[in-house]
Amino acid sequence: MLRYRHVVRILAHRSYSSGASGNDGNPGGSDSPDEDKHPIRRTFRILGNDMRKVKEFFVPKDPIAEDTTQRILTQSKFNFEGDKGPDPSQLDEFQTHCDVLIIGGGGVGSSIAYWLKEKARDGLNVVVVEKDETYAQSATRVSVGGLCQQFSLPENIQMSLFAADFLRNAKEQFGSAVPLNFTPQGHLLLAGEEGAESLKNASQLQNELGARNELLTPDRLAARFPWLNTKGVALGCHGIEKEGWFNSWALLTNFRRSAGGHGAHFVNGEVVDFHFQEQPDITVSGDNSANEGCFDGLDKAVIQLPDGTRRTCKFALCVIAAGANSGNVGRLARIGTGAGMLRVPLPIDARKRYMYAITTQAQNAPGMAMPITIDSNGTFIRRDGLGGNYICGHNSDSQVDPNSNNCLVDPQYFEQHIRPALVERVPAFEAVTVVDSWAGLYEHNVYDENGIVGPHPYYHNLYIATGFSGHGIQQSVAVGRAICELIMDGQFRTIDLSRLSFDRLIVDRPMYELNNVLS
């Protein structure tokens, strides 16, 4: 029923909006004005066009043209300093109508676009709106690219297992133009006395679900990793298979490249408002406030372009995947400011992560077999290539850091918070030199620090995919697939993420993730 409802809505939307065209003149493609004005004829014409595209859906398409691939690659090259962005002449023509509007073009939003276009190809017009085209402010900037199954919730474990299988076959999905450079050295989570029991129970669940890790006592940790000081460590969990790290920029680039190559439109702009449409034929079960008057449904997004102009895009379905900005987008849709179900806000704030590139030539420093190591205090470190180079960092505490809401690097933060923790855990890092530093913001679900995935209970055409609280890039693969399944099939098929829906906020049933896993 849900799938049928979405198909009907998309067809009706196309009939009204002239086939999701960005053109303003006779968008339906008919020479007859009378035929264009007749919604039934228009709907049957669109159905006929869609049926002709069924063959294209099942028959493999020709490889994407090299010039198209190069254009999208040019738009998707990033670095830590931030590029100038794509050439404006290469941007897509603005789409005034679309089937699916995705707000946020980071890892999650681009993954949703990838899966939708991989499955529907030309059958859906997908538009992705991203306000930071260079991704200088995105969470990907401060991602260590971690892939780890050491979570306490089954859903999070299953999503990371799905990502591991996907990344293993990445060349089949994306080709070899932008390699992901997966390094399978595992993760090492350390716990003190207070966290040891939780780490042990989580490890048992992880292995039951298909992960492979081992629990190590302090003596075994010291024997396996001679560079590690085990003082204060009661237990460690070391991933043996399907764990490590990858190039998160490359994954984002491949999502964009593939989705764009199959026709997704990426718009450099910011959603600043929504237009609503009265729909008296719709009632919301369990919400008397919506039934006292006329139901106002989401109809159009107002998008502000880089030159300051504002344009509207009418959509059939909308997805909020705006990362740290998701809470603000939710408020534009009256989530958290309305009545009834709309009183419950989208509880997403921005949190800061500091990242440092360090180097040391100490002979007893960690070598090639070093896993990503996450201490019980939240400090993390991993090897970065060869030659004694490492990446380390820490999530800022908003209570003590006055710069926690921006991307400025506090010059004293490393000496005050990072170096002492590093030296205590890895004594060889006493003489490390900082060669680079950067900071960025990631989304944080202040309700239960876990992702929110699925439809909004009030709006029948709005989905949410946000709140992953520091492990979004590794979950982006599975989340994109999950939202695609909800839109195309009306239900989860690969992984059941029903417990992560917005509904848990309304009934106040938090889904706490106990393990400190990051990506």
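Residues numbered from 1 in each chain as written. Predicted model: local features only at pLDDT ≥ 70, side-chain atom pairs only at ≥ 80, totals over all residues. Heavy atoms only, no water.

- Identification of the protein as FAD-dependent oxidoreductase domain-containing protein 1 from Drosophila madeirensis is taken from an unreviewed UniProt entry.

**Section: the overall build of the protein**
In step 1: If you tally the helices and strands in the protein, you get 16 helices and 18 strands.
In step 2: Here the protein, with 519 residues, has 55% of them falling under the buried criterion.
In step 3: A sequence separation of at least 24 residues applies to 77% of the contacts in the protein between residues at least 6 apart.
In step 4: Carbon and sulfur atoms make up 49% of the accessible area of the protein, which amounts to about 22400 Å² in all. (Helix = DSSP H or I, 4+ residues; strand = E, 2+ residues; numbered from the N terminus. Buried < 20%, exposed > 50% of the residue type's maximum accessible area, 1.4 Å probe, protein only. Contact = heavy atoms within 4.5 Å. Areas by Shrake-Rupley, 256 points an atom, 1.4 Å probe, with all protein chains shown as cover.)

**Thoughts on the side chain of H471**
In step 1: Here H471 is to be found in the loop between β18 (462–466) and α15 (472–489).
In step 2: Of note is the side chain of H471, whose polar atom sits 3.1 Å from the backbone oxygen of F468.
In step 3: Within the structure, the side chain of H471 is placed 3.3 Å from the side chain of Q475, a separation counted as a polar contact. (Polar contact = N/O pair within 3.5 Å; in protein donor to acceptor, adjacent residues only side chain to side chain.)

**Considerations on the nonpolar core**
In step 1: Core analysis: the biggest nonpolar cluster contains 54 residues, and I102, L116 and I483 have the highest contact counts within it.
In step 2: No other element matches α15, which puts ten residues into this core.
In step 3: Judged by nonpolar contacts, the second largest core, of 34 residues, contains C98, V129, F295 and I320. (Core = buried A, V, L, I, M, F, W, Y, C linked by side-chain atoms within 4.5 Å.)

**Description of the packing of aromatic side chains**
In step 1: In the structure shown here, the tally under the stated rule is 17 aromatic pairs.
In step 2: Consider the rings of F295 and Y458, whose centres lie 5.0 Å apart with planes at 35 degrees: the pair is tilted. You can see F295 sitting in the loop between α12 (288–292) and β10 (296–304) and its partner Y458 sitting in the loop between β17 (452–455) and β18, a full 163 residues away along the chain. Take F295 and Y458: they sit in the same class, and that class is buried.
In step 3: Residues Y356 and F414 carry aromatic rings whose centres are separated by 4.9 Å and whose planes lie at 55 degrees to one another, so their mutual orientation is tilted. With a gap of 58 residues between them, Y356 in strand β12 (residues 348–359) and F414 in helix α14 (residues 413–425) connect regions that are remote in the sequence. We note that Y356, like F414, is buried.
In step 4: A network of ring pairs unites the aromatic residues Y114, W115, F162, F166, F174 and F255 as a single cluster.
In step 5: The lysine or arginine in question, R334, covers the ring of F276, its NZ or CZ lying 3.6 Å from the ring centre.
In step 6: A cation over a ring is seen here: R353 above Y442, with NZ or CZ 5.1 Å from the ring centre. (Phe/Tyr/Trp six-rings, centres within 6.5 Å; stacked < 30°, edge-to-face > 60°. Lys NZ or Arg CZ within 6 Å of the ring centre and 35° of its normal.)

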